[in-house]
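Examination of the molecular architecture
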Amino acid sequence: MSGVAIIGHGHYAPERIVANSEIEARLGLEAGWIKRRTGIDARRYAADGEALSDIAVKAGDMALARAGRSRDDIGLLLLATSTPDHLLPPSAPLVAHRLGLASAGAIDMAGACAGFLYALTLADSFVRTQGIPVLVIAANILSRRINESDRGSSVLFADAAGAVLLAPTERSEAGIIGAHLAAKGQHYDLITIPGGGSRLPFSQIRDPKDVLMVMNDGKAVYTGAVAIMTDSAERALTKAGMVAADVTDLIPHQANARMMTTIAHQLDIPAERLRSTIENFGNSSAATIPFTLSATADGKPYAPGDIVLMTAAGAGLTGGAAVLRW
């Protein structure tokens, strides 16, 4: 059985920059309030007419171009998103078509902020068993789901996409060497979009805000997410036969700066090993990990043998962690 290598990565953020001042003015907050509590200076919003598939294609195209592999070689596209173009059909087949992946299967995966890690672990297994490259894209346009009067969510969320291309390698030690996935369904209602599903179908919606995101208990979300991310990371490291000192790069879900530094501290991983893009790009849910992995690579390249720890948690609550040897 071969190893698995990330042979290409890509990222994209829309051009529109939304500064904190714009949101603080709308919510009646004092200047600096958002930065002090979240570590975010600005975030990106998609342009009018720009859909989820548009930004996913741009990140995927970058990853494929950097890899230099024939698009006919790709066997599968996994698209982690909570904001597809439509409820039906899934967006992944359209993204695969637009990327020229004529021989690839394609499917959406809805794992909220942890969606990329679920897709990544599945992709790693597919590459090992089938010997075929897999493209993983995580993308969200959360600006279309923000309730502008809800302070808890409107200060955080953003739009972005990130992608990685996985392929077989003769380096058998490369790829995911430890993973732990988790779900805490007792906290199912902490982050919701109430309307539009089978529980509250569109025909029964009376309040337009029922199709917008609601964070029902920010403190509980924070506590639950930190617990899942830390515990999953520790379990994944144990499965990999690694300890925190072995980690060269920590890429947590970019939820907010305080959460990320708390997780690094609890795992006893030095702050300089933490990769972050939250200051200028905010929280784009599942996209934050691959976006950060790619966007920071030019300034701090990865080297063979590097140990990359990724951990995330989000609505559901779903979460998990993966240890990848570069």
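Before reading on, note that the structure itself is shown above.
Anyway, here's the lowdown on the structure attached to this text. (Residues numbered from 1 in each chain as written. Predicted model: local features only at pLDDT ≥ 70, side-chain atom pairs only at ≥ 80, totals over all residues. Heavy atoms only, no water.)

The next subject is the overall build of the chain. Looking only at helices and strands, the chain has ten helices and 13 strands in total. When each of the 326 residues of the chain is scored for burial, the buried share is 56%. Counted over contacts in the chain with a minimum sequence separation of 6, partners at least 24 positions apart contribute 77%. Surface exposure of the chain reaches about 13600 Å², of which carbon and sulfur atoms provide 53%. In the chain, the 29 positive side-chain charges and the 32 negative ones have mean positions that sit 3 Å from each other. (Helix = DSSP H or I, 4+ residues; strand = E, 2+ residues; numbered from the N terminus. Buried < 20%, exposed > 50% of the residue type's maximum accessible area, 1.4 Å probe, protein only. Contact = heavy atoms within 4.5 Å. Areas by Shrake-Rupley, 256 points an atom, 1.4 Å probe, with all protein chains shown as cover. Lys, Arg positive; Asp, Glu negative; His and termini not counted. Charge placed at Lys NZ, Arg CZ, Asp CG, Glu CD.)

A few words on unusual backbone geometry. Glycine aside, residues mostly have negative phi, and peptide bonds are mostly found in the trans state. Put simply, L88 and P89 share a cis peptide bond, and its omega is 5°. Along the chain, the position of P89 falls in the loop between β4 (76–80) and α4 (92–98). Cis peptide bonds are those with omega within 30 degrees of zero, and the linkage from G316 to L317 qualifies with -20°. Mapped onto the elements of the fold, L317 is located in the loop between β12 (307–314) and β13 (318–325). Non-glycine residue A112 carries a positive phi angle of around 55°.

This next bit is on the sheet that holds β12. Taken together, the four strands give an open sheet; going across it, the order is β8-β13-β12-β11, and neighbouring strands pair in mixed fashion. A single partner strand is all that each edge strand has here, and the edge strands are β8 (175–183) and β11 (249–252). This sheet shows a mean twist of 10° between the axes of neighbouring strands, independent of strand direction. Note that β12 and β13 share eight bridges and pair antiparallel. Pairing of A312 across the sheet is with G320, part of β13. Helix α5 (residues 115–130) contacts β8, β12 and β13 of the sheet and is inclined by roughly 140° relative to β8. (Pairing = 2+ DSSP bridges. Axes fitted to C-alpha atoms, helices over the stretch in contact; angles between N-to-C directions.)

Further remarks concern α5. Taking 1.5 Å per residue as the helical rise, α5 with its 16 residues ought to reach 22 Å, and the 22 Å between its terminal C-alpha atoms agrees with that figure. Regarding α5, the residues found buried are G115, F116, L117, A119, L120, T121, A123, D124, V127 and R128. Positioned one or two residues after α5, G131 has a phi angle of 65°, which is positive. (Expected span 1.5 Å × (residues − 1).)

All right, on to the sheet that holds strand β5 (residues 105–109) then. Strand pairing within a sheet occurs via backbone hydrogen bonds; the two strands may be parallel or antiparallel. Spatially, five strands are ordered β1-β7-β6-β4-β5 in an open sheet, and the strand pairing comes out mixed. The sheet is open, and its two edges are formed by β1 (3–12) and β5, each paired on a single side. Averaged over neighbouring strand pairs, the angle between their axes works out to 15° when direction is ignored. Here helix α3 (residues 52–67) sits on the sheet in contact with β1, β4, β6 (134–141) and β7 (159–169), set at roughly 130° to β1. Its contacts with the sheet place helix α10 (residues 288–295) against β1, β6 and β7, and it is angled at close to 90° to β1.

Okay, the nonpolar core next. Membership of the largest hydrophobic core comes to 46 residues, with the highest contact counts inside it found for F157, M259, I269, L309 and V323. Elements represented by at least two residues in this core include exactly α2 (33–38), α7 (218–240), α8 (257–267), β12 and β13. In terms of residue count, the dominant contributor to this core is α7 (ten residues). Apart from residues lying up to four places away in sequence, V323 is in contact with G175, I176, I177, G178, A236, L237, A240, I307, V308 and L309. Among the nonpolar cores identified, the runner-up in size contains 32 residues, and A119, I176, I251 and A297 belong to it. (Core = buried A, V, L, I, M, F, W, Y, C linked by side-chain atoms within 4.5 Å.)

Viewed as axis vectors pointing N to C, α7 and α8 meet at an angle of 40°, and their least axial separation amounts to 10 Å. For the element pair α7 and α8, the recorded crossing hand is right-handed. The residues of α8 that touch α7, namely those facing Y222, A225, V226, M229, T230, A233 and E234, are R258, M259, T262, I263, Q266 and L267. Here the residues of the contact of α7 with α8 sort into eight nonpolar, three polar and two charged. (Left-handed = near helix turned anticlockwise from the far one by under 90°. Nonpolar A, V, L, I, M, F, W, Y, C, P; charged D, E, K, R; others polar.)

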